[in-house]
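# Examining the three-dimensional arrangement
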Amino acid sequence: NYVAKNTSNMLRFPLMVRYSLNYDKKDEDGNRIKLLPYVIIGGSIDLLLSAQYVDASRTGGTAFTLPPESADLKANDQVASNNVSIMAGVGARFRVGRSEVDFFSLELRYDNSLFNYINPDNRYANEDVNFGIGHVEDDLTLNTVSFSVGYTRSIYKPRKRKQYR
């Protein structure tokens, strides 16, 4: 039996486009519609900050625990240092109270990395993991589904310009 758990920290630079429905529509009383559904699409550049095994050991037979110098996946060049992800999602913003600048939001988003997280050229480079634990990293893409709840208060308050003739 063996355990090989790793963790990574990434810095993401997302660029998204959001299309809102009902933004300028008004109800029958002349008030702005409070529910504003939207869709988003976009992508991001992902930079790997750190990646390491947090628990790597073998039990049964001769026990083995991974030495600390072999636990750093990034230093051993076993993982890609950057990646590109695409994302899509749906959400809704709700106007709060009478204000035009306060919103409560709900969003569901899916992210999918386009490239392999594991460096295939150095998959077998760490002998402590390969032979000590008996583990070789599989090809891996990072996929996430996220749900977020938020509150936004805009500091910019748009005003109509006066017409001068």
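Residues numbered from 1 in each chain as written. Predicted model: local features only at pLDDT ≥ 70, side-chain atom pairs only at ≥ 80, totals over all residues. Heavy atoms only, no water.

## With respect to the side chain of R93
Let me state the cut-off plainly: Under the scheme used here, helices are H or I runs from DSSP no shorter than 4 residues and strands are E runs no shorter than 2 residues, and both carry numbers assigned from the N terminus. The buried label applies to any residue whose accessible area, calculated with a 1.4 Å probe on protein chains only, is under 20% of its type's maximum; exposed applies above 50%, and partly exposed to all values in between. Positive: Lys, Arg. Negative: Asp, Glu. His and the chain ends are not part of the count. By salt bridge we mean one thing: a side-chain nitrogen of Lys or Arg within 4 Å of a carboxyl oxygen of Asp or Glu. The contact definition used throughout considers only heavy atoms, calling two residues in contact when any of these lie within 4.5 Å.
Here R93 is to be found in strand β4 (residues 82–95). Buried and unpaired, R93 has no salt bridge, with E107 as the nearest side chain of opposite charge at 8.6 Å. Among all residues touching R93, those that are not within four sequence positions of it are R18, Y23, K34, L35, L36, Y38, F103, F104 and S105.

## Comments concerning the packing of aromatic side chains
What counts here: A pair of Phe, Tyr and Trp rings is counted when the ring centres sit within 6.5 Å of each other, with Trp represented by its six-membered ring. The angle between the planes then sorts it: under 30 degrees is stacked, over 60 is edge-to-face, the rest tilted. Only when the NZ atom of a Lys or the CZ atom of an Arg is both within 6 Å of the ring centre and within 35 degrees of the ring normal do we say a charge sits over the ring.
Under the criterion given, the structure shown has 1 aromatic pair. For R93, the ring lying beneath its charged end belongs to F103, and the centroid distance is 4.1 Å.

## Brief notes about the pattern of salt bridges
Applying the stated criterion to the full structure yields 5 salt bridges. With a shortest N-O distance of 3.0 Å, R12 and D46 are connected by a salt bridge. With a gap of 34 residues between them, R12 in strand β1 (residues 2–20) and D46 in strand β2 (residues 35–58) connect regions that are remote in the sequence. The class for R12 is partly exposed, based on a relative accessible area of 34%. For D139, the salt bridge is made with R123, and the minimal N-O distance between the two is 2.6 Å. With a gap of 16 residues between them, D139 in the loop between α1 (127–133) and β6 (143–153) and R123 in the loop between β5 (102–113) and α1 connect regions that are remote in the sequence. A relative accessible area of 13% places R123 in the buried class.

## Re the environment of N119
For N119, the position within the fold is in the loop between β5 and α1. For the pair N119 and D77, spaced 42 residues apart in sequence, the C-alpha to C-alpha distance is 7.1 Å. If near-sequence neighbours (up to four positions away) are discounted, N119 is found in contact with D77, Q78, V79 and A80.

## Some remarks on a nonpolar patch on the surface
Heads up, the rule is: Any residue with relative accessible area above 30% and no salt bridge may belong to a patch, with like charges joined within 9 Å and the nonpolar Val, Leu, Ile, Met, Phe, Trp and Tyr side chains within 5 Å. Only the protein chains shown count as cover for residues, and all accessible areas are computed by the Shrake-Rupley method using a 1.4 Å probe.
A surface patch of nonpolar side chains, about 1,200 Å² in accessible area, is lined by Y19, L21, V39, V90, V96, F104, L108, Y110, V145, F147, V149 and Y151. Sorting the residues of the nonpolar patch by element identifies β5 and β6 as the ones contributing at least two each. Here the nonpolar patch takes 4 residues from β6, the largest share from any one element. With respect to the helices, strands and loops of the structure, V90 is situated in strand β4.

## A few points about the nonpolar core
Note the following rule: Nonpolar core, defined: a set of buried Ala, Val, Leu, Ile, Met, Phe, Trp, Tyr and Cys residues in which side-chain atoms within 4.5 Å join the residues together.
Ranked by size, the top nonpolar core spans 12 residues in total: L48, A51, Y53, A56, L66, A71, L73, V79, Y117, I118, V129 and I133. Sorting the residues of this core by element identifies β2 and α1 as the ones contributing at least two each. The element that contributes the greatest number of residues to this core is β2, accounting for 4 residues. Here Y117 is in contact with S8, L48, A51, V79, A80, N83, L140 and L142, once residues within four sequence places are set aside.

## Examining the pairing of β4
The condition is simple: By this definition, two strands are paired if DSSP reports at least two bridges between them.
Of the strand pairs in this sheet, β2 and β4 are connected by 13 bridges, and their pairing is antiparallel. Among the inter-strand pairings, L36 is bridged to a residue of β4, identified as R93. For β4 and β5, the ladder comprises 11 bridges, and the chain directions are antiparallel. Its bridge partner lying in β5, G89 is registered against R109.

## Details of the confidence of the model for the protein
Our working definition: Here pLDDT means the predictor's own confidence in every residue, given as a number from 0 to 100.
Of the residues in the protein, 98% have a pLDDT of 70 or more, and the chain-wide mean is 85. In the model of the protein, strand β3 (residues 64–65) stands out as the element of lowest mean pLDDT, 79, in contrast to β4, which has the highest, 94.

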